[in-house]
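# Overview (structure and organization)
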Amino acid sequence: MTSRDPLTHQVANKPTRKLFDSFALSWRLPIIVWQTLFFLGPLIFMVAMSFFLVKNYRMQEAFEFVNWSKMFSRNYFWDSYFLTFTLATLSTAIASLLAFPASFALAFKVSPAVRRWALFLLIIPFFTSYLVRIFSWYVILAESGALNALLDTFGLGPYTMLNTKFGTLVGYMTLTLPLVVVLQTFALSNIDRNLVQAAHNLGCSPFRSIYAVIMPLAKTGLIVAALFCFILSFGDFVSPYYLGGSKPPTLPILIIDTTKSGQQWPRAAVVAVVMMVTLITIAFAALALAYRTRASR
Amino acid sequence: MNTPLVVFENVAKHFGDFVAVKELNLAINAGEFIAIMGPSGCGKTTTLRMLAGLDQPSRGSIYIGEQLMNDVRPHQRDTPLVWQSLALFPFLNARENVEFGLKMRNQDAQIRRSKAMEWLERLGVAEFAERNVDTLSGGQRQRVALARSLVTEPQLLLLDEPLSALDAHLVIRMQSVLTQLQRELGITFVYVTHSQSEAFAMADRVVVMSNGEIAQAGVPRDIYREPANRFVAEFVGRNNIISGTANTVDEKSIQVKAPMGTFDVPTKTNTPDTDKKFSAGDMVTFVIAADLVQVTRTKPKTENSVECSLISEEFVGSMVTLFLETADGTEFKVQLQERELSTLDHTTEGAFYLSWQSDSAHVLHG
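Residues numbered from 1 in each chain as written. Chains lettered and ligands numbered in written order. Predicted model: local features only at pLDDT ≥ 70, side-chain atom pairs only at ≥ 80, totals over all residues. Heavy atoms only, no water.

For chain A, the count of helices and strands is 13 helices and two strands. The C-alpha radius of gyration computed for chain A amounts to 26 Å, which surpasses the reference 19 Å derived for 297 residues by more than 25%, pointing to a less compact arrangement than a globule. The principal-axis extent of the C-alpha atoms belonging to chain A is close to 95 × 70 × 40 Å. Taken over 297 residues, chain A has a buried fraction of 38%. (Helix = DSSP H or I, 4+ residues; strand = E, 2+ residues; numbered from the N terminus. Rg over C-alpha atoms; globule rule 2.2 N^0.38 Å. Buried < 20%, exposed > 50% of the residue type's maximum accessible area, 1.4 Å probe, protein only.)

Structure below.
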């Protein structure tokens, strides 16, 4: 017999709720297990490892701050940090600026069919290995490469482009630009066209409407695109190594160098934790900015 | 006669194969409240968008204040539009939305602010000035949108079905806000709507559009009582439309023989320039408005009467519409006051008789 509530005449039905919960949990469980095993676990281990000691090329469990004080007192660490941060910031600024006109045209100036094809073509670079794409720049950027040959016909050059910061940034663009264009195009396509026309109607010139209306409306998407660019550039090892010449090293290269020289895994862990903290801070700041709505009384 | 503020001269607008506006000739006087009314797809919104410069005419010329506007870009005009969706900027608060037009005209921040507050005050939403527009109610958003359009003190205000998203009681309130504003400011309102009640309640002159052309333009009363053609008669009000052949035609009236009877109809029409002369044997269509028909249970002695049976009734508060049918299957609508119905013995079986004064009927052209 089920009991009935005398007032509402509804059948008391308590167990259903609990059943539903375990059902929902069974769907969530795989991702929770995966993230715990392969993300949270290694992350905790990495933080712990940054306090370990290395003696006779062997790592020993310990809780000493010596790795941190060693790394933080070295100029090369801070040089590397500011270089990486500056290059990633530059990369984000350049990619966002280079991508915007293309995204704007794709979102506002072409037919939906052209837009679909363009987005498809922008995804194609991701089919090939990033390493292959970076090596193909050798042919173009080398001292005797295609770009210098072209400049030579105008009586310019030759310029050294490989093993420079310029080379690193070209590599970063190879990695990030297609993605930034795709994300920006999505952000701009979702804008309500009536709002842009309303701005024109109120005396806003088409050029002015880009920063008066379009950029505020697409703010979230534009910031997320820039954030992805920063994260990818900041953590990239391939471009600064093969196109930037690895001197001075960026943080990812510093990690490799540190592990190679004397098995200093704990010091590499310090660099990794610093990178992690930087990216988390940047990501939170960017998302807070992206989703900030004005205070309302 | 003063010169008109807005003139459409043989204006047409095509979108590919689709003809939105076929051939538009219209003059709008300064200070006039004009409503452009018609079903969806009749070209009324395109007409308004062409005035704002958001669509360019494919053919013809549009003048505002004697200046040819065809190639003037939207942002170079002073033709603010109140959008159907309101199109308030979600990233600005109410006051900043109102300030937008002044900011684009590079006005000083101090002046912008005080003018914006002045208009928000005038429309009764000053207390919400610093609020996010998404947190305002429909009526409040409406007022902010109006303030945003009026803050630059334009000569011409364009309104695209601005009340269509509001509750019925708010529509009535906003109608009086709009008419009062228009009277106080003395500027020209061009108001696009599909609702005849909005158009008739507010406009000095109503333009009925159909398939990209003007079906009729005139004061609300003429549109309502003297429709020019079958389209207007069917679109506006509740009209009974009767077709027949002319028996005899004289100066004042035509005797029309229709399947359900013979009727006298005055020759006066509302299309003076295309005044068509009828002669005996011609096909004649005339209308008799549903509220000008008397209904009785006994056969009246007057002319212009038909015998019907009652099909159904529709009750809308104070008004009742009866749907009746003649023996040959023609449907008639009669509109009466609810209290008139109680004096009519309409529940018992039997014939109903409809009758009307000859001069209540109105001949249609086309």
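Still to come is the rest of the account.
On to the sheet that holds strand 20 (residues 362-364) of chain B, then. Residues and elements named next belong to chain B. Spatial strand order, 13-12-11-14-20: five strands in an open sheet with antiparallel pairing. Across the chains shown, the open sheet's two edge strands, defined by having one partner strand only, are strand 13 (261-266) and strand 20. This sheet shows a mean twist of 45 degrees between the axes of neighbouring strands, independent of strand direction. By the bridge criterion, six bridges tie strand 12 (residues 253-258) to strand 13 in an arrangement that is antiparallel. Across the sheet, residue Gln255 finds its bridge partner in strand 13, namely Asp264. (Pairing = 2+ DSSP bridges. Axes fitted to C-alpha atoms, helices over the stretch in contact; angles between N-to-C directions.)

Moving on: the interface of chain B and chain A. Contacts between the two partners involve 30 residues from chain B and, on the opposite side, 21 residues from chain A. The contact between chain B and chain A buries some 2,200 Å² in all, and 58% of this surface belongs to carbon and sulfur atoms. When the area that chain B buries against chain A is broken down by residue, the three leading residues are His75, Phe91 and Met104 of chain B, summing to 28%. Put simply, chain B and chain A have zero salt bridges between them. For the pair chain B and chain A, the number of links is eight residue pairs in polar contact (both at pLDDT 80 or more). Counting only elements with at least two residues in the side of chain B that touches chain A, the list comes to helix 1 (44-52) and helix 2 (94-104) of chain B. (Contact = heavy atoms within 4.5 Å. Buried area = accessible area lost by both parts, 1.4 Å probe. Salt bridge = Lys/Arg side-chain N within 4 Å of Asp/Glu carboxyl O. Polar contact = N/O pair within 3.5 Å; in protein donor to acceptor, adjacent residues only side chain to side chain.)

Turning next to the packing of aromatic side chains. Evaluated as defined, the whole model comprises 34 aromatic pairs over all chains. Judged by centre distance (4.7 Å) and plane angle (50 degrees), the rings of Trp34 of chain A and Phe38 of chain A are tilted. Remark: Phe38 of chain A and Trp34 of chain A occur in helix 1 (residues 15-49); sequence separation between them is four residues, near one turn of the helix. Assigned by exposure class, Trp34 of chain A and Phe38 of chain A land together as exposed. Taking 5.3 Å as the distance between ring centres and 50 degrees as the angle between the ring planes, the aromatic pair formed by Phe33 of chain B and Phe189 of chain B counts as tilted. Residue Phe33 of chain B is found in strand 3 (residues 33-37), and its partner Phe189 of chain B is found in strand 8 (residues 188-193); the two are separated by 156 residues along the sequence. We note that Phe33 of chain B, like Phe189 of chain B, is buried. Among the aromatic residues, ring-to-ring pairing joins Phe51, Phe63, Phe65, Trp68, Phe72, Phe77, Trp78, Tyr81, Phe82, Phe85, Phe230 and Phe234 of chain A into one connected group. (Phe/Tyr/Trp six-rings, centres within 6.5 Å; stacked < 30°, edge-to-face > 60°.)

With that settled, the discussion passes to the pattern of salt bridges. Residues and elements named next belong to chain B. Per the stated rule, a full pass over the model turns up 17 salt bridges over all chains. For Arg95, the salt bridge identified is with Glu99, shortest N-O distance 2.8 Å. Here Glu99 and Arg95 lie together in helix 2, a separation of four residues that amounts to about one turn. Look at the salt bridges and you will find they share partners, linking Arg95, Glu99, Arg112, Arg113 and Glu130 into a network.

All names here are of chain A. For chain A, the assigned domains read domain 1 (2-49) and domain 2 (65-296). For domain 1 and domain 2, the distance between their C-alpha centroids amounts to 39 Å. Contacts between the two partners involve five residues from domain 1, matched on the other side by seven residues from domain 2. In total, about 480 Å² of surface goes out of reach between domain 1 and domain 2, with carbon and sulfur atoms giving 87% of it. Per-residue buried area on domain 1 facing domain 2 is highest for Met46, Val47 and Met49; these three make up 82% of the total on that side. Taken together, the connections running from domain 1 to domain 2 amount to zero salt bridges. Run the count over domain 1 and domain 2 and you get zero residue pairs in polar contact (both at pLDDT 80 or more). Broken down by class, the residue content of the side of domain 1 that touches domain 2 amounts to five nonpolar, no polar and no charged. (Domains from an automatic or database assignment. Nonpolar A, V, L, I, M, F, W, Y, C, P; charged D, E, K, R; others polar.)

Looking now at the sheet that holds strand 15 (residues 294-296) of chain B. Residue and element names in this part refer to chain B. In spatial order, the strands read 15-19-16-17-18; together these five strands make up an open sheet with antiparallel pairing. Bordering the open sheet on either side are strand 15 and strand 18 (331-337), each of which pairs with just one other strand. Taken over all neighbouring pairs, the strand axes of this sheet differ in orientation by 45 degrees on average, direction set aside.

Another point: the environment of Asp257 of chain A. All names here are of chain A. Following the sequence through the fold, Asp257 ends up in helix 12 (residues 251-260). For Asp257, a relative accessible area of 34% gives the class partly exposed. Between the alpha carbons of Asp257 and Lys55 there is a distance of 18 Å; along the sequence they are 202 residues apart.

Before going further, it helps to spend a moment on helix 5 (residues 130-141) of chain A. All names here are of chain A. Between its terminal C-alpha atoms helix 5 stretches 17 Å, which fits the 16 Å expected from twelve residues at 1.5 Å a residue. All of the buried residues along helix 5 are Tyr130, Arg133, Ile134 and Leu141. Taken down its axis, helix 5 places every buried residue within 100 degrees of arc, on the same side. Exposed residues lying more than 90 degrees from the buried face of helix 5 are Val132 and Val139. Considering only its buried residues, helix 5 is in contact with helix 6 (146-152), helix 7 (165-189) and helix 11 (238-242). (Expected span 1.5 Å × (residues − 1). Arc of directions from axis to C-beta.)

Looking now at the environment of Glu118 of chain B. Residue and element names in this part refer to chain B. By the secondary structure assignment, Glu118 is in helix 3 (residues 109-122). The class of Glu118 is exposed, set by a relative accessible area of 51%. In the structure, Glu118 is positioned 88 residues away from Ala30 in sequence and 25 Å away in space, judged by C-alpha atoms.

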